[in-house]
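# Working through the structure, step by step
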Amino acid sequence: MEEGEGSNGGVFEGGLEVRVLVVDDSPVERRMVEGLLKKSGAMFQVIAVDSGKRAMEVLGLTDDKAEQPTVDDQKVDIILTDYSMPEMTGYDLLKTVKEQSCRKPIPVIIMSSENEPQRISRCRAIGAEDFILKPLQTNDVLRLRSYARPVELSPRTGTKRKMTLELMAENSSSDRRPRLTGLAVS
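From a predicted model like this one, the values you see are computed outputs, not experimental measurements.

### Looking at the environment of valine 33
Assignment of secondary structure puts valine 33 in helix H1 (residues 27–39). Given the relative accessible area of 2%, valine 33 is considered buried.

### As for helix H2 (residues 52–59)
Along H2, the residues that are buried comprise Gly52, Ala55, Met56, Val58 and Leu59. Angularly, the buried residues of H2 cover 160° about the axis, an arc narrow enough to put them on a single face. Those residues of H2 that are buried lie in contact with strand E1 (18–23), strand E2 (44–49), strand E3 (78–82) and helix H3 (90–99). Positive phi appears at glycine 60, one or two residues downstream of H2, with a value of about 75°.

### Concerning the environment of glycine 127
For glycine 127, the position within the fold is in the loop between helix H4 (117–125) and strand E5 (130–133). Assessed through its relative accessible area of 21%, glycine 127 is described here as partly exposed. Note: C-alpha distance between glycine 127 and glutamate 99 (28 residues apart in sequence) is 9.7 Å. Setting aside residues no more than four positions away along its own chain, glycine 127 makes contact with Leu94 and Lys98.

### What about the packing of aromatic side chains?
Applying the stated criterion across every chain yields a total of zero aromatic pairs. One residue, arginine 122, lies across the ring of tyrosine 91, its end atom 3.6 Å from the ring centre.

Rules of the game
Residues numbered from 1 in each chain as written. Predicted model: local features only at pLDDT ≥ 70, side-chain atom pairs only at ≥ 80, totals over all residues. Heavy atoms only, no water. Helix = DSSP H or I, 4+ residues; strand = E, 2+ residues; numbered from the N terminus. Buried < 20%, exposed > 50% of the residue type's maximum accessible area, 1.4 Å probe, protein only. Arc of directions from axis to C-beta. Contact = heavy atoms within 4.5 Å. Phe/Tyr/Trp six-rings, centres within 6.5 Å; stacked < 30°, edge-to-face > 60°. Lys NZ or Arg CZ within 6 Å of the ring centre and 35° of its normal.

This is how it looks when you write it as structure tokens:
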């Protein structure tokens with residue numbers, strides 16, 4: 001898997017895989033989610049762990065590190081975690097990941113078999129990108145793809161045309177439309 005400098009290493013649009021960290025204490029649920037992600041196409045590389053603490057290790061956010069790392073050199077593009085787990089809940093994992101200082105925050109999606117509005121709003125309030133009800137469906141996988149896009153390629157970013165200064169000065173005195181040859185595209 002190759003990564004581009006300054007880009008989200010798992011962007012599928014460029015042919016690269018999206019690295020999804022699946023966190024669930026249930027082996028059956030983990031296998032189901034992993035299977036669904038892999039079945040949806042070659043775009044997902046799945047790292048599956050059985051606890052929030054193991055997820056912290058994969059992310060390099062364990063307490064035994066001498067200095068607190070940032071998640072800038074990330075191995076993961078998306079975290080898909082169960083809400084209810086022993087020791088460290090999905091909410092606790094979400095909170096810890098969102099508290100980290102990094103250039104490119106990792107999107108965290110919470111999964112739960114319980115549709116509790118308070119739980120959903122609590123997770124969203126501290127930064128969960130989405131809350132998905134189990135079992136995971138094909139539509140949910142499609143939603144995951146939207147979170148894998150790098151910040152630079154978010155909707156409407158980079159689609160505006162910019163005029164050069166000379167062209168702007170030329171057009172300020174006339175009502176003509178700008179010539180396409182003097183435009184720079186960002």
